[in-house]
Amino acid sequence: MKDHMISTLDDLPPVTSWLTDMDGVLVREHKAIPGAQDFLDCLRENNVPFLVLTNNSIFTARDLSARLEHSGLSVPEENIWTSALATATFLSQQSPDSSAFVIGEAGLTTALHEAGYVMTETNPEYVVLGETRTYDFTAITHAIRLIESGAKFIATNPDVTGPSEDGVLPATGAVAAMITRATGKKPYFVGKPNSIMLRAGLNRLDVHSETTALIGDRMDTDVQAGIEAGLRTHLVLTGSTNKKEIEKYPFRPYRVHDSIADVIAVVEENLKEAKKK
């Protein structure tokens, strides 16, 4: 019987496309992290396909492009992939041109409209919960009653808190937990760590997981999602994870770097390897 060798990530083809998280990787507290623009320039100068990812569903890709520009980073809107866009893509595949009762802001409602969905308060197929700075008790109550009546429960992302200048704010995951306690129904979360968000991004770029890497700053969302999507994962230590915390998890990133600046050399090395093949 012939032995079968188990391939490792080092046996995969060179990386020729990249997915990168936004907060903690490219920006921190609305300021560009040193080396972030150099990294983006390296990708563009070498025509490397890439997407900037965020679980934030509040803003449209155009809004986020403008906000990044204000932070000192140039990222075209077509290179931004949000949990709202991933949710709209997922729903359009599950049930095209359907209806939803939506709790969220422009990032989510715009994405769903563009996916052919109708926003309604009457007999929707889905209740879709996203991020908003003004969660309304009346809307949440209506969502609970619709779910009790049979509407399917979808949420853009599981994050329980979000940052603000005054401290943390309750986020989608926290509000979803409240609705779940009231209805007994758990939502299907589309955003990270669900790898479906990454796979939808790969489809958008028209690239393969074997030749794509992910950069993130969190083990429980970025690295987990990347591993489950079959990507090589690069953890940077400029966000919410330090080296000691890595040991708490039963999985490991492919590589660990101090910051995004250190990944530029990895991009260049992979491009050289790709040209040899």
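Criteria and thresholds
Residues numbered from 1 in each chain as written. Predicted model: local features only at pLDDT ≥ 70, side-chain atom pairs only at ≥ 80, totals over all residues. Heavy atoms only, no water. Helix = DSSP H or I, 4+ residues; strand = E, 2+ residues; numbered from the N terminus. Buried < 20%, exposed > 50% of the residue type's maximum accessible area, 1.4 Å probe, protein only. Expected span 1.5 Å × (residues − 1). Phe/Tyr/Trp six-rings, centres within 6.5 Å; stacked < 30°, edge-to-face > 60°. Lys NZ or Arg CZ within 6 Å of the ring centre and 35° of its normal.

A. Unusual backbone geometry, seen in detail. A cis geometry characterises the amide bond from Lys 192 onward to Pro 193, with omega recorded as 15°. Within the secondary structure, Pro 193 is located in the loop between β12 (188–189) and α7 (195–205). The phi torsion at His 30 lies on the positive side, around 65°, for a residue other than glycine. Topologically, His 30 is positioned in the loop between β2 (27–28) and β3 (31–32). By relative accessible area, which is 52% here, His 30 ends up exposed.

B. How the structure looks around helix α3 (residues 83–94). Taking 1.5 Å of rise per residue, the 12 residues of α3 would be expected to cover 16 Å, and the 16 Å separating its terminal C-alpha atoms lies within 8% of that figure. For α3, the complete set of buried residues consists of Ser 83, Ala 84, Ala 86, Thr 87, Ala 88, Phe 90 and Leu 91.

C. Seen up close, the packing of aromatic side chains. One pass over the full model with this rule turns up four aromatic pairs. Ring centres of Trp 18 and Phe 39 lie 6.3 Å apart, and the angle between their planes is 90°; on these two criteria the pair is classed as edge-to-face. Of this pair, Trp 18 sits in strand β1 (residues 17–21) while Phe 39 sits in helix α1 (residues 36–45); the two residues are 21 residues apart in sequence, bridging distant segments of the chain. Taking the relative accessible area as the measure of exposure, Trp 18 reaches 1% and is therefore buried. One Lys or Arg, Lys 152, reaches over the ring of Tyr 126 and ends 5.3 Å from the middle of that ring. One residue, Arg 255, lies across the ring of Tyr 254, its end atom 4.1 Å from the ring centre.

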